[in-house]
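What the coordinates show
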Amino acid sequence: YKRVGIDGKVYLVHRIIYAMFNNDFPERIDHIDNNRSNNQIDNLRPSTARENGWNALISTSNKSGVKGVSWHKKSSKWQAHLRTMLGNEYVGLFTSLDDAKTALAELRNKRHGSFANNG
């Protein structure tokens, strides 16, 4: 994140930009496109920690290439899970990676709304 010093205190630039346009300093600000350098006001929105996490990119440790999908060895199928307000939600087992991806994306869009990131 870009930072700037003002009167001996360091601030995150995206927080200053958001405050300038909205006269508000929310606890968290989400970069909609996940580009930390894109501090355009239309790319910034207030969020909770949970919403910010929902919009996160796929983990670098993910081996399936699909966010929320992993290989279930015992069944030899793709297993899909989704993090929601209630915790981890089981989506199902799928023979096809594409089917798992589609089912997960549909549920993610429903549960996460504008913070859904199927990335």
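Residues numbered from 1 in each chain as written. Predicted model: local features only at pLDDT ≥ 70, side-chain atom pairs only at ≥ 80, totals over all residues. Heavy atoms only, no water.

Further remarks concern the overall build of the protein chain. Counting its regular elements, the protein chain contains 3 helices and 7 strands. The C-alpha radius of gyration computed for the protein chain amounts to 18 Å, which surpasses the reference 14 Å derived for 119 residues by more than 25%, pointing to a less compact arrangement than a globule. In terms of overall dimensions, the protein chain has a C-alpha envelope of 60 × 25 × 20 Å along the principal axes. The buried share of the protein chain, reckoned over its 119 residues, is 30%. (Helix = DSSP H or I, 4+ residues; strand = E, 2+ residues; numbered from the N terminus. Rg over C-alpha atoms; globule rule 2.2 N^0.38 Å. Buried < 20%, exposed > 50% of the residue type's maximum accessible area, 1.4 Å probe, protein only.)

Attention now goes to the side chain of R108. Topologically, R108 is positioned in helix α3 (residues 97–112). E89 provides the closest opposite charge to the buried, salt-bridge-free R108, at an N-O distance of 11 Å. Contacts of R108, omitting those with residues within four sequence positions, involve K67, G68, L82, G113, A116, N117 and N118. (Lys, Arg positive; Asp, Glu negative; His and termini not counted. Salt bridge = Lys/Arg side-chain N within 4 Å of Asp/Glu carboxyl O. Contact = heavy atoms within 4.5 Å.)

So, about the packing of aromatic side chains. Across all of its chains, the model carries 1 aromatic pair by this definition. When the centroid spacing of 4.9 Å and the interplanar angle of 75° are considered together, the rings of W71 and W78 count as edge-to-face. Residue classification places W71 among the partly exposed residues on the basis of a relative accessible area of 44%. The ring of Y1 is capped by R36, whose NZ or CZ atom sits 4.2 Å from the centre of that ring. Taking the ring centre of F115 as reference, the NZ or CZ of R45 above it sits at 3.7 Å. (Phe/Tyr/Trp six-rings, centres within 6.5 Å; stacked < 30°, edge-to-face > 60°. Lys NZ or Arg CZ within 6 Å of the ring centre and 35° of its normal.)

The subject of this paragraph is unusual backbone geometry. Not every positive phi belongs to a glycine, and N23 is a case in point at roughly 50°. With respect to the helices and strands, N23 occurs in the loop between α1 (13–22) and β3 (28–31). Look at N34: it is not a glycine, yet its phi comes out positive at around 65°. Of note, N34 is situated in the loop between β3 and β4 (44–47). Judged by relative accessible area, N34 falls into the partly exposed class, the value being 24%.

Keep in mind these values describe shape, not function.
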